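Read off the chains here:
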Amino acid sequence: MTVKQYLLDRIAKGTIHMALIDPDKQPAEEAGEIAKRMKDAGTDAVMIGGSTGVTSENLTATAKAVKERSGLPAIYFPGGPNAMSTEVDCILFMCMMNSTDLRNVMGAQVYAAPYLKKIGLEPISMGYVIVEPGMKVGAVGKADLVKRDDIQTAVAYGLAAEMYGMSLFYLEAGSGADKPVPPEMIAAVKSAISIPLIVGGGIRTPEAAEAARKAGADAIVTGTLIEQCSNDEKLKAVVKAAKGL
Ligand code: 1GP
């Protein structure tokens, strides 16, 4: 089964949770341990990526450790075409739709496509839009951030992603954001599009995860929380709230 089908099958049953691990933040063994704890907490898949410091070496080692320890799909969430690995199960083939740098919209993808074809890695097409505050990914990605109250623009990006035939649409507030994507924005985008909606950035509490799920997120991503939290019960509570269990 493709990873895309795995995700769609799970999403058909309700909101899923994905744990984001930055390979630059810890040794691979530790990443594997985090993935195992997240699997036990009920997470559905592990995304591997970061805005800076990702290399083919740390990506490969992290993907290997994640798969060995958790058995969960290792989904590459690339920050650019510079790091690649055959150890990941798929790559989010994404277009940062609101970047002002053409390389993030299309250039990196064109550069990477022949190599992805050669190694036979599953691409999952995804429209990726950065909402305020945007954090590091907004700055590094030179994003023209969607304002938190500009729901119409967020909806328009979602519709454009769907019209382009993208498989997923991701609303991102940025890792470590003080506030996640507003629930009103999630709800409006969700009701406008029929492709799965991923939401991430600044979700660190069961309340925030529940708000995103209730607003209509199909997948909820948490990164900072799992890096910083050593309390398995708290991790479990956030995953449960994300999934509505
Ligand atoms: C980043 O949305 C993710 O792409 C995760 O954000 O680190 O704030 O959970 P956090």
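Everything numeric here is computed off the predicted structure, so don't read it as measured data.

What follows covers the overall build of the protein chain. Helices and strands together make up the secondary structure of the protein chain, namely ten helices and eight strands. Along the first, second and third principal axes, the C-alpha atoms of the protein chain reach 45 × 45 × 35 Å. A burial count over the protein chain gives 53% of its 245 residues as buried. Of all intrachain contacts in the protein chain linking residues separated by at least 6 positions in sequence, the fraction that spans at least 24 positions is 73%. Accessible surface for the protein chain amounts to roughly 10700 Å². Of this, 54% is attributable to carbon and sulfur atoms. With 26 positive and 28 negative side-chain charges, the protein chain shows a spacing of 3 Å between the two charge centroids.

Core analysis: the largest hydrophobic core is formed by 86 residues, its most contacted members being Met18, Phe169 and Leu171. For this core, the element with the highest residue contribution is strand β4 (residues 90–96), accounting for six residues. The residues touching Met18, leaving out its near neighbours within four places in the chain, are Leu7, Thr43, Ala45, Met47, Ile75, Ile198, Ala219, Ile220, Val221 and Thr222.

A few words now on the site of the ligand. Among the 14 residues in the neighbourhood of the ligand, the closest are listed as Glu172, Ser175, Gly176, Gly202 and Thr224. Contacts to the ligand include Glu172, whose side-chain N or O atom sits 2.4 Å from an oxygen atom. Between Gly223 and the ligand, the recorded distance is 2.7 Å, taken from a backbone N or O atom to an oxygen atom. Burial of the ligand by the protein amounts to 98% of the accessible area it has alone, namely 310 Å². Put simply, the parts of the chain that give the shell around the ligand at least two residues each are β6 (168–172) and β8 (219–222). Looking at the shell around the ligand, its residues break down into four nonpolar, nine polar and one charged.

With parallel pairing, eight strands are arranged side by side around a closed barrel as β1-β2-β3-β4-β5-β6-β7-β8. Direction aside, neighbouring strands of the sheet carry axes that sit 30° apart on average. Bridging between strand β3 (residues 74–76) and β4 involves two bridges; their strand directions are parallel. Pairing of Tyr76 across the sheet is with Ile91, part of β4.

So, about helix α2 (residues 28–41). The terminal C-alpha atoms of α2, which comprises 14 residues, lie 20 Å apart, in line with the 20 Å expected from a rise of 1.5 Å per residue. Looking at α2, one finds that the buried residues are Ala28, Ala31, Gly32, Ile34, Ala35, Arg37, Met38 and Ala41. Buried residues along α2 sit in contact with β1 (16–21), β2 (45–48), α3 (56–70), α9 (224–228) and α10 (232–243). One or two steps after α2, the chain reaches Gly42, where phi turns positive at roughly 110°.

This next bit is on the pattern of salt bridges. Applying the stated rule across the entire model yields 14 salt bridges. Residues joined in a network through salt bridges with shared partners are Arg10, Asp44 and Lys243.

Reading the values: rules and limits
- Residues numbered from 1 in each chain as written.
- Predicted model: local features only at pLDDT ≥ 70, side-chain atom pairs only at ≥ 80, totals over all residues.
- Heavy atoms only, no water.
- Helix = DSSP H or I, 4+ residues; strand = E, 2+ residues; numbered from the N terminus.
- Buried < 20%, exposed > 50% of the residue type's maximum accessible area, 1.4 Å probe, protein only.
- Contact = heavy atoms within 4.5 Å.
- Areas by Shrake-Rupley, 256 points an atom, 1.4 Å probe, with all protein chains shown as cover.
- Lys, Arg positive; Asp, Glu negative; His and termini not counted.
- Charge placed at Lys NZ, Arg CZ, Asp CG, Glu CD.
- Core = buried A, V, L, I, M, F, W, Y, C linked by side-chain atoms within 4.5 Å.
- Near = heavy atom within 4 Å.
- Polar contact = N/O pair within 3.5 Å; in protein donor to acceptor, adjacent residues only side chain to side chain.
- Nonpolar A, V, L, I, M, F, W, Y, C, P; charged D, E, K, R; others polar.
- Pairing = 2+ DSSP bridges.
- Axes fitted to C-alpha atoms, helices over the stretch in contact; angles between N-to-C directions.
- Expected span 1.5 Å × (residues − 1).
- Salt bridge = Lys/Arg side-chain N within 4 Å of Asp/Glu carboxyl O.

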